Amino acid sequence: MKISFDFENITGPIRAMHAVGQPPHPDLEGSCMHYLSEAHIPYSRLHDFGGMYGGGVYVDIPNIFRDFDADENDPSSYDFAFTDVLIKHLVEQNCMPIYRLGITIENYPWIKAYRLDPPKDFGKWARVCEHIIRHYNEGWANGFRYGIVYWEIWNEPDCFLPDFTYNCMWTGTSEQYYEMYEIAAKHLKKCFGDSIKVGGPACCGFWDVAANPKKYGMPFEAEDVKTPQKHREFFADFALGFLDYVQKTDSPLDFFSHH
């Protein structure tokens with residue numbers, strides 16, 4: 001492959017590619033957030049923010065909508081307090097959130113899993129997500145008009161341990177995640193249209209493609225991948241199954257995220 005550049009043809013700035021994960025937020029005063037603007041960081045993804053289980057107060061759906069049996073249309077059912085502070089500090093540094101709608105990883109599910117089960121009502125879960133977006137983009141529930149664009153549905157629902165005894169992010173089946181994604185993505189795009197981008201699934205990656213490129217029709221040499229074959233094949237099957245499901249159900253997918 002030959003790549004050439006014409007330095008006489010100026011087409012505009014290169015798109016920023018240096019977004020980060022969790023923002024530097026060790027205190028509620030935002031004393032370290034200035035590093036984001038100094039480095040011109042455009043986005044910060046809010047997965048696993050606030051410590052184990054989201055610190056109990058930040059970002060995660062169960063932290064904001066604490067009783068799933070509550071009325072999702074009632075502002076008093078939501079607790080935005082700490083997440084409001086976090087996002088305010090981000091926006092002040094010209095760094096926009098990539099908001100992960102879901103939960104923080106639970107690294108010890110063999111002791112006890114707290115929030116890893118699929119929501120018991122996918123439609124209601126989608127409406128909860130809707131109201132979180134309305135709070136930050138439309139002023140709902142004494143909220144804001146930040147215009148947050150990127151909304152990611154869950155994180156690593158394929159996050160099984162190598163022996164497949166436990167999943168640290170999702171106890172449901174692959175098909176249950178696909179269905180939840182379809183319901184949520186269609187609902188959110190119906191509510192907000194092109195003012196937001198909806199995507200996922202933040203899958204664990206395509207290690208099997210690196211190990212077996214010819215199997216997937218890829219034109220590069222195989223790498224020595226240490227991950228057990230069964231494990232990496234599951235990651236690939238999950239991601240490809242998700243893309244197939246999205247296509248068959250005509251589900252919105254503004255961006256595909258993977259790790």
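Here, the structure is the one placed above.
Residues numbered from 1 in each chain as written. Predicted model: local features only at pLDDT ≥ 70, side-chain atom pairs only at ≥ 80, totals over all residues. Heavy atoms only, no water.

Participant: I'm lost on helix H4 (residues 122-137) in this one. Help?
Facilitator: Residue pairs three or four apart in sequence face the same way in an α-helix, which turns once every 3.6 residues. With 16 residues, H4 ought to run about 22 Å at 1.5 Å a step, and its terminal C-alpha atoms sit 22 Å apart, in line with that. For H4, the tally of buried residues reaches 14 of 16 residues, placing the bulk of the element in the interior. The N-terminus of H4 is capped by Asp-121, whose side-chain oxygen sits 3.0 Å from the backbone nitrogen of Gly-123. Among the residues trailing H4, Gly-139 stands out with phi positive, at a value near 80°. (Helix = DSSP H or I, 4+ residues; strand = E, 2+ residues; numbered from the N terminus. Expected span 1.5 Å × (residues − 1). Buried < 20%, exposed > 50% of the residue type's maximum accessible area, 1.4 Å probe, protein only. Polar contact = N/O pair within 3.5 Å; in protein donor to acceptor, adjacent residues only side chain to side chain.)

Participant: Would you mind going over the nonpolar core with me for this structure?
Facilitator: As a rule of thumb, nonpolar side chains are buried together in soluble globular proteins. Core analysis: the largest hydrophobic core is formed by 56 residues, its most contacted members being Tyr-99, Trp-125, Ile-132, Ile-153 and Tyr-177. Going through the elements one at a time, helix H2 (61-64), helix H3 (81-92), strand E2 (96-101), H4, strand E3 (150-153), helix H5 (174-192) and helix H7 (229-249) are the ones with two or more residues in this core. Aside from chain neighbours lying at most four places away, what touches Ile-153 is Leu-101, Trp-125, Tyr-177, Met-180, Tyr-181, Ala-184, Ala-185, Val-198, Gly-199, Gly-200 and Pro-201. (Core = buried A, V, L, I, M, F, W, Y, C linked by side-chain atoms within 4.5 Å. Contact = heavy atoms within 4.5 Å.)

Participant: Looking at this structure, how should I read unusual backbone geometry?
Facilitator: A negative phi holds for most residues other than glycine; trans holds for most peptide bonds. With an omega of -5°, the peptide bond running from Gly-200 to Pro-201 counts as cis. Tracing the chain through its elements places Pro-201 in strand E4 (residues 197-203). Phi is positive for Asp-48, close to 55°, though the residue is something other than glycine. Its location among the elements puts Asp-48 in the loop between strand E1 (43-45) and H2. Judged by relative accessible area, Asp-48 falls into the partly exposed class, the value being 24%. Of note in this structure, Ala-141 is not a glycine but carries a positive phi near 55°. Its location among the elements puts Ala-141 in the loop between H4 and E3. Here Ala-141 falls in the partly exposed class, since its relative accessible area comes to 24%.

Participant: I tried to follow the pairing of E3 on my own but got confused; where do I start?
Facilitator: The side chains of a regular strand alternate, residue by residue, between the two faces of the sheet. Along E3, one buried face is formed by Tyr-150 and Glu-152 and the opposite face, lined by Trp-151 and Ile-153, is buried too. Bridge analysis of E2 against E3 gives four bridges, and the strand direction is parallel. Looking across to E3, one finds that Leu-101 is bridged to Ile-153. At this point the chain moves from E2, through H4, to the parallel E3, and the crossover so formed is right-handed. (Pairing = 2+ DSSP bridges. Right-handed = clockwise from strand over helix to strand, strands pointing away.)

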